[in-house]
Amino acid sequence: MTNLIIGTSGHIDHGKTALIRALNGFEGDKTKDELERGITIDLSFSHLQNDDTNIAFIDVPGHENLVKTMISGAYGFDACMLVVASNEGIKAQTKEHIEILNLLGVKNIILVITKCDLSSKSEQILLQENIFELIKEYPNLSIYETFFVSIKDENSINELRNYLFTLKPKFHDESTIFRYYIDRVFSLKGHGTIVTGSVISGVLKAGEKILNLDLGETFTVRSIQIHDQNVSIATPPNRVAINLSGNKLDKIQKGQILSKKGFWRGFNQIDAKISSSKLEHGDEVLFCVGSAQFKAKALNLKDDFWTFKFSQKVFLQFKEKFIILQNNHAIGGGEVLSSVLEPLKKEQKIELLKALSKNDFETAFLMLAKVHKHGFGLISAVQRFALSTAQALQIAHKLEGLFIDDEIACIYSQDALLDIKKFIEFLIHKNPNALFSPTSINLKLTWASVPLIEVVLNDLEQSKIVQKNGGIYAKFGADFDKLNENVVDQIYNILLKQSFTPDAPYNIYDSLDIDRITGDNALKMLTKSKKIIRLEHNLFISAAALNEVMSLLRNIIKIEGKVNITSAKNHLNLSRKYALAYLEYLDNFADIKKFENDRLFI
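These numbers come from a predicted model, not from an experiment.

Caption draft 1: Spotlight on the packing of helix α17 (residues 543-560) against helix α18 (residues 565-572). Axis separation between α17 and α18 bottoms out at 11 Å; the angle between their running directions is 115°. Considered as vectors, α17 and α18 are oriented roughly perpendicular to each other. Classified by chirality, the crossing of α18 by α17 is right-handed. When α17 is examined against α18, the residues Val549, Leu552, Leu553, Ile556 and Glu560 are found in contact with a partner set consisting of Ser567, Ala568, His571 and Leu572. The residue inventory of the contact of α17 with α18, partitioned by class, reads 6 nonpolar, 2 polar and 1 charged.

And the structure:
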């Protein structure tokens, strides 16, 4: 089944709503205000279907005060019927809607000259010629066909209807992440909260969890409807109604975005390329994207590159189209280039935007890898570049001088390798007895992936700065047997010194600059020799200290008749964790019994 979203645009009272009603019998203007005023105030949605094609109609208002609403519908169009009344001709909103369609990238125009029962054929042809001249000012727009119609002439309506069924939708990527702007929210008795909108990309399935990016709240998709029919899956391009369940349903609003978790971050500013002769540096504007509108301050970077600052976080995507308004009139628009706030100086930012405007991702990756020298993640490629992680990795592998960690989808510059090398050299200079592994280095340098550290260690091994024994590294020339013996002695001495309150093993390992495997092996040897006792997963104590603790606890019982967590803490100056562990160990002795929370002699 082919799915299309076709919109209407044009001046007020030029017959948009009447045209939709003639095509499919749907009465769009049905709110009280719309019926009383005789104009479309909100978006109206309906559809038309034959055996092979579903057409979703979005009828947008033409009144000059409702341009924001028009924009919120136009972003989802596959094609648009530009409606011009033959007896009135080109009007202000005709021109403004054409400008908006151009800025939003809605290239496919079907010119529908309406009310042809009120004009002569020569007037209609002249109007068509004038519209064609107007469209020539926008090289990206294309008029597919022209139709001269009257709702009183059924043949003209049939001809247009038949033509609409021959149209093909523009490409919509189902393989990328689901993204959906909410354009209506309402409740139905017995169903709960319903949202409607157009699927921009990706796939949604009934039963899935979905994230409202603006709320940071996850909802469950109870059911999905397309053209009043329940479906199990929604794909683009489709008008989709989603029944949601979860918390904060009352906070859902028009303009919010639904998507998947883990791919988006919100920022208070974005950088963009715009087309506008009226926008000035420092202007306050209304930034319209999808069905959302945000107040923004516009700051010119250079030429047609601008920064927009918002009072709230926005979740925008690379090359996403937008319109800017002042006093309810469109004064320009463009596309988002940098949707993620980057730590760049102004000159660097301009160079990055130049590359991104040309889809020169190789240059952009090299720049960002240098700026983010401790790792430039490609999980964010969906937001940053409208690329899947796999597509971004494919581009990254074409570049020289970078290390690519495919498993975590991260790019590292040569600066990252140099910093790891400096850290390891400092480590063995500070502690010639250090024993370490890629994993233990990763615990200290959390930004560095294990494969990246392995590359550096291999280079240092080749340079005879470190040497390897199994998976463990040490300073070049070290005797591993002596180092391991030294580790055993050091850990034992530390536990003796720490007495009743020993550190967790990982803290001891960190203080000795040893990796976990080496430390664990040393603890096993000490435990096997019974020099230390393991009480819990991360609690090891010297046998001498444990014997002393047991003796002190027994003495408390002799004096007070019992011992419990409170008395153990007070007498031995212990935290609850240690007191509880020692009391539980005391329970193992045959002459001790536990009564409620107390320990007593039998």
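After that view, the rundown keeps rolling.
Caption draft 2: Geometry of the sheet that holds strand β18 (residues 284-289). Taking strand neighbours around the barrel as the criterion, the 6 strands line up as β17-β20-β19-β18-β21-β22 in a closed arrangement whose pairing is antiparallel. When the angles between neighbouring strand axes are averaged without regard to direction, this sheet yields 45°. Against the sheet, helix α4 (residues 92-103) engages β17 (267-275), β21 (321-326) and β22 (329-338), with an angle of about 0° to β22.

Caption draft 3: Broad picture of the packing of aromatic side chains. Scanning the model with the defined rule gives 16 aromatic pairs in all. Pairing Phe361 with Phe385 gives two aromatic rings, centres 5.6 Å apart and planes at 70°, and the pair type is edge-to-face. One end of the pair, Phe361, is in helix α8 (residues 361-371); the other, Phe385, is in helix α9 (residues 381-385), with 24 residues separating them in the sequence. One exposure class covers both Phe361 and Phe385, and it is buried. Aromatic side chains Phe365 and Phe385 sit 5.0 Å apart centroid to centroid with 50° between the ring planes, which places their arrangement in the tilted category. Placement of Phe365 in helix α8 and of Phe385 in helix α9 is noted, with a sequence separation of 20 residues between them.

Caption draft 4: Here's a closer look at the confidence of the model for the protein. Taken residue by residue, the protein gives an average pLDDT of 90. The fraction at 70 or more is 94%. pLDDT under 50 marks residues 28-43. Its contacts with residues more than four places away, or in other chains, come to 40 contacts. In this model, residues 62-66 is a region of pLDDT below 50 whose contacts with residues beyond four sequence positions or in other chains number 16 contacts.

Caption draft 5: Broad picture of the nonpolar core. Of all hydrophobic cores here, the largest spans 30 residues; its most connected members are Phe77, Leu82, Ile98, Leu111, Ile131 and Ile323. Looking at this core, the elements that each hand over two or more residues are β3 (53-59), β4 (79-85), α4, β5 (108-114), α5 (121-135), β18 and β21.

Caption draft 6: Local environment of the pairing of strand β12 (residues 217-226). In the sheet, strand β11 (residues 209-212) pairs with β12 via 4 bridges, with the strands oriented antiparallel. Within the sheet, the bridge partner assigned to Leu211 lies in β12 and is Thr218. In this structure, the hairpin formed by β11 and β12 is closed by a connection of 4 residues, where Gly216 is found at a positive phi of approximately 65°. Examined bridge by bridge, β12 and strand β13 (residues 229-231) share 3 bridges and lie antiparallel to one another. Bridging from a neighbouring strand, Ile226 pairs with Gln229 of β13. Between β12 and β13, which pair antiparallel and follow one another directly, the connecting turn spans 2 residues, one of which, His227, has a positive phi of 50°.

Caption draft 7: Inspection of the pattern of salt bridges at higher detail. Taken as a whole and judged by the stated rule, the model has 19 salt bridges. In this structure, Arg239 and Asp183 form a salt bridge, with 2.5 Å as the shortest nitrogen-oxygen distance. Within this pair, whereas Arg239 is found in strand β15 (residues 239-245), its partner Asp183 is found in the loop between β7 (179-181) and β8 (184-188), the two being separated by 56 residues in sequence. With its nearest N and O atoms 3.8 Å apart, the salt bridge here joins Glu217 to Lys248.

Caption draft 8: Expanded view of the sheet that holds strand β23 (residues 376-377). The 3 strands are arranged β23-β25-β24 in an open sheet whose pairing can be described as antiparallel. Since the sheet does not close on itself, it has two edges, and those belong to β23 and β24 (403-405), each with one partner.

Caption draft 9: Fine view of helix α6 (residues 154-164). Along α6, the residues classified as buried are Ser156, Ile157, Leu160, Arg161, Tyr163 and Leu164. Looking straight down α6, one finds its buried side chains confined to an arc of 165°; they lie on one side. Residues of α6 that are exposed and point more than 90 degrees away from the buried face comprise Glu154, Asn155 and Asn162. The backbone nitrogen of Asn155 has a side-chain oxygen 3.2 Å away, supplied by the residue at the start of α6, namely Asp153.

Caption draft 10: Broad picture of the packing of α17 against helix α19 (residues 576-586). Interaxial distance between α17 and α19 falls to 10 Å at its minimum, and their mutual angle equals 80°. By the angle between their directions, the pair α17 and α19 is classed as roughly perpendicular. Note on element contacts: α19 touches α17 through Tyr582, Leu583, Tyr585 and Leu586, opposite Leu546, Val549, Met550, Leu553, Arg554 and Ile557. Its residues placed into classes, the contact of α17 with α19 shows 9 nonpolar, no polar and 1 charged.

Caption draft 11: The arrangement of the environment of Gln128 in detail. You can see Gln128 is positioned in helix α5. Expressed as a C-alpha distance, the spacing of Gln128 and Phe148, which sit 20 residues apart in the sequence, is 9.5 Å. Residues in contact with Gln128, not counting those within four places in the same chain, are Leu111, Ile113, Thr146 and Phe148.

Rules of the game
- Residues numbered from 1 in each chain as written.
- Predicted model: local features only at pLDDT ≥ 70, side-chain atom pairs only at ≥ 80, totals over all residues.
- Heavy atoms only, no water.
- Axes fitted to C-alpha atoms, helices over the stretch in contact; angles between N-to-C directions.
- Helix = DSSP H or I, 4+ residues; strand = E, 2+ residues; numbered from the N terminus.
- Parallel < 35°, antiparallel > 145°, perpendicular 65-115°, else oblique.
- Left-handed = near helix turned anticlockwise from the far one by under 90°.
- Contact = heavy atoms within 4.5 Å.
- Nonpolar A, V, L, I, M, F, W, Y, C, P; charged D, E, K, R; others polar.
- Pairing = 2+ DSSP bridges.
- Phe/Tyr/Trp six-rings, centres within 6.5 Å; stacked < 30°, edge-to-face > 60°.
- Buried < 20%, exposed > 50% of the residue type's maximum accessible area, 1.4 Å probe, protein only.
- pLDDT = per-residue confidence, 0-100.
- Core = buried A, V, L, I, M, F, W, Y, C linked by side-chain atoms within 4.5 Å.
- Salt bridge = Lys/Arg side-chain N within 4 Å of Asp/Glu carboxyl O.
- Arc of directions from axis to C-beta.
- Polar contact = N/O pair within 3.5 Å; in protein donor to acceptor, adjacent residues only side chain to side chain.

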